[in-house]
Amino acid sequence: MTGAITSRRVTWLTVALIACLLPLLVSDLVSGQASSRDQRRRTRFTPTTTQVDPEVSSSLAAAAAPAQAPAGFSNVTNGFDPQGPDFNTLNEDTAVALRSFNDNRFTFEETETVADGLGPTYNAQSCRECHQNIVTGGASQVTVLRAGHLTGGQFFESQGGSLIQSRATHPDASENLTAADNIRAFRISPNTLGDGFIEAISNTTLLNIRSAQPSTMRGVAVVVPVLEANGVGRIGRFGWKGQHASLESFAADAYLNEMGITSPLLPDENTANGRDVAPYDTTSDPEDDGDDIKAFANFMRATMVPPRGAITATVTSGEQVFARIGCATCHVGSITTAPANTSINGGTMVVPAALANKVIHPYSDFLLHDVGTGDGIPIQPTAEFANTANRMRTAPLWGLRTRNRMMHDGTALTPEDAILRHGGQASGVTTRYRALSATEKSQLVAFLNSL
Ligand code: HEC
Ligand code: HEC
């Protein structure tokens, strides 16, 4: 009898104990899952090599005189892929992934739904939503939110990663900022037109540009992993921090982080502020079998570079001022892409004829600089990327005349506003800008408005 009471009491006690501990166990389990996911992501975003391939071609193609890259706001192929069937005839049933420029443009413009794997946390439904001005692939006014905080001088990302998605497919998957995440930044959507030519610039070319810069203005060539090459390091060139070196890697990152769609390169869903979103996600991972991210990458690789506006005598004088006062030290006017057949992206791509040995005028060195505008958020919250927290990639100025919100946060509303925000490594140049005559200043602005 006594024994029975005791054992019943023990049973109740056990039940009560488990009831109390269960939420703790579950929350530990969930945060355990989240942190192993964070760990996987961190490993994925750490380059496996720190010495980069010089990407120098052994072929004689290098000897040929380089040609100008084709330019146009036209959604006409640069020759990387065939143009393909009339764009207006394509729909979900007729478009064929990777067949042509128009097919890939269709994928880039396609609106993704929950059935396709959209979300649970996301920012927009298609790449085109944020990359459209003047044509598909261009820039836009859409900004995204990033946040984190410092503890003991070390940067920690907000619990769901530094990108805070602003839309969700379920209210419980929404991401909200906490007061603790007091390092906050908006970043505006940049242009991707002509990016195939940027991808085709060899590591050596970027390092040579860097070596030619005076030490006080010298940029940082940041080594980032090429995801499709299992993390082989390459000099980053895409994004406000140069956080990617390959367009396929960027496409996988954007598909996951802007749209919530997983792919073989990044198969783990984002959390919502660290909470697992599995209850709101019915599509199994990877949601894209890899064709979509290749189609996005190939679409961008096949776009022409942004074309110049009218080049008047005032514009030409303005470009001379730009070079004379030192803007062109960072905003480099002419770069030649690698020769045909050069192996790039950790050996996963060879430069095709359409992108090879072309002169482009991006007005960037694709290096990171401290011009006093850094947003405090490093590429990854790890020691090797700590020096990226307060540095930004020199913004390419091609297509500038089509943008009315400038700098990474989009808060400079005129070229003059943008120039006057340059401090740090650009302070000497900004001082020279301030000392220009009114005529020289207006020539400089005329030049910027021709880009
Ligand atoms: C919600 C808006 C949004 C959507 C949707 C979006 N992007 Fe972006 N994109 C951005 C922003 C913002 C950046 C800059 C991010 C940064 O550097 O922090 C960017 C940068 C890029 C860049 C780097 C461009 C350069 O030359 O530096 C590429 C490439 C890119 N996006 C491709 C894509 C692709 C492909 C998709 C679709 C899978 C996509 N983006 C969807 C907003 C968006
Ligand atoms: C030390 C390198 C450096 C020098 C010198 C420099 N810039 Fe920049 N520039 C940058 C960086 C880095 C950014 C991006 C900053 C950001 O977004 O926070 C930038 C951004 C810009 C932008 C905004 C572009 C956009 O798409 O938002 C303009 C315009 C610009 N620079 C013009 C100039 C002009 C004109 C000069 C000369 C008076 C100049 N810069 C000198 C590095 C430099």
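Residues numbered from 1 in each chain as written. Chains lettered and ligands numbered in written order. Predicted model: local features only at pLDDT ≥ 70, side-chain atom pairs only at ≥ 80, totals over all residues.

### Looking at the site of ligand 2
And step 1. Around ligand 2 sit 29 residues in total, of which Cys 327, Cys 330, Thr 373, Met 406 and His 408 are the nearest.
And step 2. Here the shell around ligand 2 is composed, by residue class, of 19 nonpolar, nine polar and one charged. (Near = placed C-beta within 6 Å. Nonpolar A, V, L, I, M, F, W, Y, C, P; charged D, E, K, R; others polar.)

### Focus: the nonpolar core
And step 1. Ranked by size, the top nonpolar core spans 84 residues in total, and within it Ala 200, Ala 251, Ala 252, Tyr 255 and Phe 296 carry the most contacts.
And step 2. With eight residues, the top contributor of residues to this core is helix α6 (residues 247-259).
And step 3. When near neighbours in sequence (up to four residues on either side) are disregarded, Ala 252 contacts Leu 227, Ser 263, Leu 265, Leu 266 and Ile 293. (Core = buried A, V, L, I, M, F, W, Y, C linked by C-beta atoms within 7 Å. Buried ≥ 20, exposed ≤ 12 C-beta atoms within 10 Å, placed from the backbone. Helix = DSSP H or I, 4+ residues; strand = E, 2+ residues; numbered from the N terminus. Contact = placed C-beta atoms within 7 Å.)

### A closer look at helix α8 (residues 313-324)
And step 1. With 12 residues, α8 should reach 16 Å at 1.5 Å per residue; the first-to-last C-alpha distance of 17 Å fits that figure.
And step 2. For α8, the set of buried residues is Gly 318, Glu 319, Val 321 and Phe 322. The arc that holds the buried residues of α8, viewed along the axis, is 160°, so those residues lie on one side.
And step 3. Along its buried surface, α8 packs onto α9 (327-330) and α12 (438-448). (Expected span 1.5 Å × (residues − 1). Arc of directions from axis to C-beta.)

### Focus on the site of ligand 1
And step 1. Close to ligand 1 lie 27 residues; Asn 123, Cys 127, Cys 130, Gly 239 and Ala 254 are nearest.
And step 2. Breaking the shell around ligand 1 down by element, the ones donating at least two residues are α3 (127-130), β7 (183-188), α6 and α7 (291-301).
And step 3. Element by element, the count of residues in the shell around ligand 1 is highest for α6, at seven residues.
And step 4. Its residues assigned to classes, the shell around ligand 1 shows 17 nonpolar, five polar and five charged.

### Side note on the environment of His 149
And step 1. Inspection of the secondary structure puts His 149 in strand β3 (residues 143-151).
And step 2. A residue is classified by how many C-beta atoms lie within 10 Å of it, and His 149, with 17 of them, is partly exposed.
And step 3. Considering only alpha carbons, one finds His 149 and Gly 138, 11 residues apart in sequence, at a separation of 32 Å.
And step 4. When residues no more than four places from it in sequence are discounted, the contact partners of His 149 are Phe 156, Ala 180, Asp 181, Asn 182 and Ile 183.

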